[in-house]
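Residue-level structural notes
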Amino acid sequence: MAKLVIDMERCTGCGRCVADCLPQVLQLRDGTPALVREESCMDCRHCLAVCPVGALSIGGHGPAESSPLENLPDFASLSRLVKGRRSVRRYKPENIPAAHLREVLDAAAHAPTGVNARRLWVGVIDDVDSMNAFRAEVYDAINDLAARNAVPPSRRSAFFIRSAQLWNQEGQDAIFRGAPHCLFVGNHKDAPCRDQDPFIYLSYLELLAASRGLGTCWCGLAYWCLKLVLPDFLPRLGLPESHEFNYVMLLGLPAVHYARTVERGPATVHAVRW
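Let us look at the structure shown here. Note that the structure is a prediction, hence the values are computed from the model and not measured. (Residues numbered from 1 in each chain as written. Predicted model: local features only at pLDDT ≥ 70, side-chain atom pairs only at ≥ 80, totals over all residues. Heavy atoms only, no water.)

This brings us to the packing of helix H4 (residues 98–108) against helix H7 (residues 197–211). At a minimum axis distance of 9 Å, the contact between H4 and H7 shows a crossing angle of 140°. You can see that H4 and H7 cross each other, and the crossing is right-handed. Contacts between H4 and H7 involve Val104, Leu105, Ala107 and Ala108 on the former and, on the latter, Tyr201, Leu205, Leu208 and Ala209. Taken together, the residues of the contact of H4 with H7 break down into eight nonpolar, no polar and no charged. (Axes fitted to C-alpha atoms, helices over the stretch in contact; angles between N-to-C directions. Helix = DSSP H or I, 4+ residues; strand = E, 2+ residues; numbered from the N terminus. Left-handed = near helix turned anticlockwise from the far one by under 90°. Contact = heavy atoms within 4.5 Å. Nonpolar A, V, L, I, M, F, W, Y, C, P; charged D, E, K, R; others polar.)

Structure (structure tokens):
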């Protein structure tokens, strides 16, 4: 079965799919689109999206599984969402409803990647008990390294040693902020935009999570802890050897309510004249 299928009974020969096909997989022949370089298909699915009559299917997905692009959020609503998102540092100690978490993850998987490579690895701790066990083991491991003077040297080493001490002495969770869930993202080492794709993905996910009433926090502390201090934890998280570890995001039901946006004034933009 071909990767891309054209229903010639529906096709009107308008040529929109051909015009929107960057690698020129499609060409018009005798007024109808024809596959000429299927091996060059990027699986971007622009052809499926642009067809006004729903004549194309790709990768086993057709118009019946798609949603019409109607009733999109207006600018004011989307602007309010962007301005109103906060880095949440206080969470309820409970699981996000599984259906809501899956809904956010499924939607975020549509975030763009460079050259449509789609080679991200995403791992999630989706259960609060598992997160608590992970959190405790991270601090125990740091304390063990500190006791042996074996914490890898970096400008963040003192912070991580102190964080583990505070966890033991006072139960303070300086790294993970008490979050019930944690999201880990990596990208294939050969991906065309290896460093950029994960941050594009997390940016989309953060806004989707906010629209669902969920809290998120870009957690550089957890990233550096795993990257610099506890890299042996990464294979245990499931990160393949073929992938580079890129970032961490905390996730959960917020224990704080923000009542308004934070207005920062007009953007500082430098006009470029060539």
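If you walk across this open sheet you meet the four strands as S5-S6-S8-S7, and the pairing is antiparallel. The sheet terminates laterally at strand S5 (120–125) and strand S7 (215–218), the two strands that pair on one side only. Here the average twist between neighbouring strands, direction ignored, is 25°. As judged from the six bridges shared by S5 and strand S6 (residues 181–188), these two strands associate in the antiparallel manner. Bridge pairing links Leu120 to Asn187 in S6. (Pairing = 2+ DSSP bridges.)

Okay, the side chain of Asp173 next. Structurally, Asp173 can be placed in the loop between helix H6 (157–170) and S6. By relative accessible area, Asp173 is classed as buried at 13%. Reaching out from Asp173, the side chain makes a polar contact with the side chain of Arg135 at a distance of 2.9 Å. At a separation of 3.0 Å, a polar atom in the side chain of Asp173 contacts the main-chain amide nitrogen of Phe176. The residues touching Asp173, leaving out its near neighbours within four places in the chain, are Arg135, Tyr139, Trp167, Gly178 and Ala179. (Buried < 20%, exposed > 50% of the residue type's maximum accessible area, 1.4 Å probe, protein only. Polar contact = N/O pair within 3.5 Å; in protein donor to acceptor, adjacent residues only side chain to side chain.)

Moving on, we get to the layout of surface pockets. Roughly 1,500 Å³ of volume is contained in the largest pocket. Ala49, Ser66, Ser67, Leu69 and His110 are the residues nearest the centre of the largest pocket, which is lined by 37 residues in total. Secondary structure elements with two or more residues in the lining of the largest pocket: helix H2 (46–50), helix H3 (75–84), H4 and H7. Element by element, the count of residues in the lining of the largest pocket is highest for H7, at four residues. (1 Å grid on protein atoms, 1.4 Å probe; cavity = no way out; pocket = protein on both sides within 12 Å on 5 of 7 lines; lining within 4 Å. Points joined across faces, edges and corners; volume = space filled by probe spheres on them.)

A few words on H6. Taking 1.5 Å as the rise per residue, H6 with 14 residues should run 20 Å; its terminal C-alpha atoms sit 20 Å apart, in good agreement. Listed in full, the buried residues belonging to H6 are Ser157, Phe160, Ser163, Ala164 and Leu166. Looking at the packing, one finds that the buried side of H6 touches helix H5 (128–147) and helix H8 (220–229). (Expected span 1.5 Å × (residues − 1).)

With that settled, the discussion passes to the nonpolar core. Grouped together as the largest cluster of nonpolar side chains are 51 residues, with contacts concentrated most on Phe134, Ile142, Phe176, Phe184, Tyr201, Leu230 and Val248. With seven residues, the top contributor of residues to this core is H5. Excluding anything up to four places from it in sequence, Phe134 contacts Ile125, Phe176, Phe184, Leu226, Phe233 and Leu237. Judged by nonpolar contacts, the second largest core, of 15 residues, contains Ile6, Val25, Leu26 and Leu56. (Core = buried A, V, L, I, M, F, W, Y, C linked by side-chain atoms within 4.5 Å.)

A separate point is the pattern of salt bridges. Applying the stated criterion to the full structure yields eleven salt bridges. Salt-bridge contacts for Asp7 lead to Arg10; the nearest nitrogen and oxygen are separated by 3.9 Å. Note on Asp7: relative accessible area 31%, which makes it partly exposed. Given the relative accessible area of 45%, Arg10 is considered partly exposed. Between Arg236 and Glu137 there is a salt bridge whose closest N-O contact spans 2.8 Å. With a gap of 99 residues between them, Arg236 in helix H9 (residues 233–237) and Glu137 in helix H5 connect regions that are remote in the sequence. (Salt bridge = Lys/Arg side-chain N within 4 Å of Asp/Glu carboxyl O.)

Unusually for a residue other than glycine, Asp43 sits at a positive phi of about 55°. When you line up the elements, Asp43 lands in the loop between strand S3 (32–35) and H2. For Asp43, a relative accessible area of 22% translates into the label partly exposed.

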